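Residue strings, one per chain:
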Amino acid sequence: MMQFNQYLKVAIASICLALATSLNAAENKEAVVVFAAASLTNAINEISANYEQEKGAQIKTSFAASSALAKQIENGAPADIFISADTKWMNYLKDKHALKDNTVSNLLTNHLVLIAPVGKRFDVTMNKSFDFFGAFNGKLCTGEMASVPVGIYAKQALTSLAWLDAGQSKIVGTQDVRAALTLVERAECAVGIVYETDAKISNKVEVIATFPDNVHEPILYPLSLTKDASAKSADFYEYLKSDKAKAIFTKYGFTFLGKK
């Protein structure tokens, strides 16, 4: 009897899981699913809310590091639109034939900045002779330098300025840029390297300095429809390139690259 009860519990659990999966799949079919880099959280949420109000449509969003999102899409996650914080991960999906042909378009640019908790700033000179890691006590937080776009840009900048080697033991790699921002807000890291737009949304950090654009690759945010994007997602894809979306992206500090 005990064994039968165990089988019954497993069967009931399996039925419930299948039902929940079916319901989620049905719900997602009704919505346009957007996978976007974590740094876009505030802007995309506001744009989505405006679109839903105007069109009576439903937008579902997922925010994380572009690397994590690209891997999820590669493995079959039901995304209609992907917005990356770099071209590397967009090209990765393009090479995997996971994107709809001729829909990749550079949407935005950004800047890379050094931040510190409010009241903890210090002077920084952006040249190779400056002892950057000797100028503060504690850790530096940024995205994981091997995969997360902000960390990749940070590594390029620190390498160009000849600062990286001296600071290897002080660098903490995080899962995405918002995680790095949070650690600096809590003063768990003395310094952070994030995007200018992330620093702008927080009243708990201040910008110490902005990295020159020539010490890292251009920070580009490409947009694309995925290979399996629903027909209704094309309208929101175009909306993201509209003047209405531009006004919101600009408000959050992004540079809009125009309608292409």
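Scroll up for the structure.
Residues numbered from 1 in each chain as written. Predicted model: local features only at pLDDT ≥ 70, side-chain atom pairs only at ≥ 80, totals over all residues. Heavy atoms only, no water.

Colleague: Summarise the environment of alanine 234; cite the residues concerned and give the values.
Modeller: Turning to its location among the elements, alanine 234 is positioned in helix H8 (residues 233-239). Residues alanine 234 and isoleucine 81, 153 residues apart in the sequence, show an inter-C-alpha distance of 8.8 Å. (Helix = DSSP H or I, 4+ residues; strand = E, 2+ residues; numbered from the N terminus.)

Colleague: Give me the sheet that holds strand S6 (residues 140-143): which residues, what numbers.
Modeller: Hydrogen bonds along the backbone pair up the strands of a sheet, which may run parallel or antiparallel. Ordered in space as S7-S6-S8-S5-S9, the five strands form an open sheet in which the pairing is mixed. Each edge of the sheet is formed by a strand with only one pairing partner; in this case those strands are strand S7 (171-174) and strand S9 (205-210). Taking the axes of each pair of neighbouring strands and ignoring which way they run, one obtains an average angle of 35 degrees across the sheet. Examined bridge by bridge, S6 and strand S8 (residues 191-195) share two bridges and lie parallel to one another. In the strand pairing of S8, cysteine 141 is matched with glycine 192. The strands that helix H5 (residues 149-160) touches are strand S5 (112-117), S6, S7 and S8; relative to S8, the one it contacts most, it runs at about 115 degrees. Relative to S8, helix H6 (residues 177-185) is tilted by about 145 degrees, and along the sheet it contacts S5, S6, S7, S8 and S9. (Pairing = 2+ DSSP bridges. Axes fitted to C-alpha atoms, helices over the stretch in contact; angles between N-to-C directions. Contact = heavy atoms within 4.5 Å.)

Colleague: Before we move on, could you go through helix H4 (residues 87-95) and cite the residues and values that matter?
Modeller: Residues of H4 that are buried: Trp89, Met90, Tyr92 and Leu93. Along the axis of H4, the buried residues cluster in a sector spanning 150 degrees; they form a single face. Within H4, the exposed residues directed more than 90 degrees away from the buried face are Lys94 and Asp95. Each element contacted by the buried residues of H4 is listed here: helix H3 (66-74), strand S3 (81-83), H5 and strand S10 (220-225). The N-cap residue of H4 is aspartate 86: its side-chain oxygen and the backbone nitrogen of tryptophan 89 are 3.3 Å apart. Where H4 ends, the next residue or the one after it, histidine 97, has phi of about 60 degrees, a positive value. (Buried < 20%, exposed > 50% of the residue type's maximum accessible area, 1.4 Å probe, protein only. Arc of directions from axis to C-beta. Polar contact = N/O pair within 3.5 Å; in protein donor to acceptor, adjacent residues only side chain to side chain.)

Colleague: Kindly report on the sheet that holds strand S1 (residues 32-37), identifying the contributing residues and their values.
Modeller: Pairing within the open sheet is mixed, and its six strands lie in the order S2-S1-S3-S10-S4-S11. Taken across any chain shown, the strands that pair with only one partner, and hence form the sheet edges, are strand S2 (59-64) and strand S11 (255-256).

Colleague: So what about unusual backbone geometry? Which residues, and what values?
Modeller: Working note: non-glycine residues mostly have negative phi, and peptide bonds are mostly trans. Within the chain, histidine 97 stands out as a residue other than glycine whose phi angle is a positive 60 degrees. By the secondary structure assignment, histidine 97 is in the loop between H4 and strand S4 (105-109). One non-glycine residue, alanine 162, lies in positive phi territory at about 60 degrees. Assignment of secondary structure puts alanine 162 in the loop between H5 and S7.

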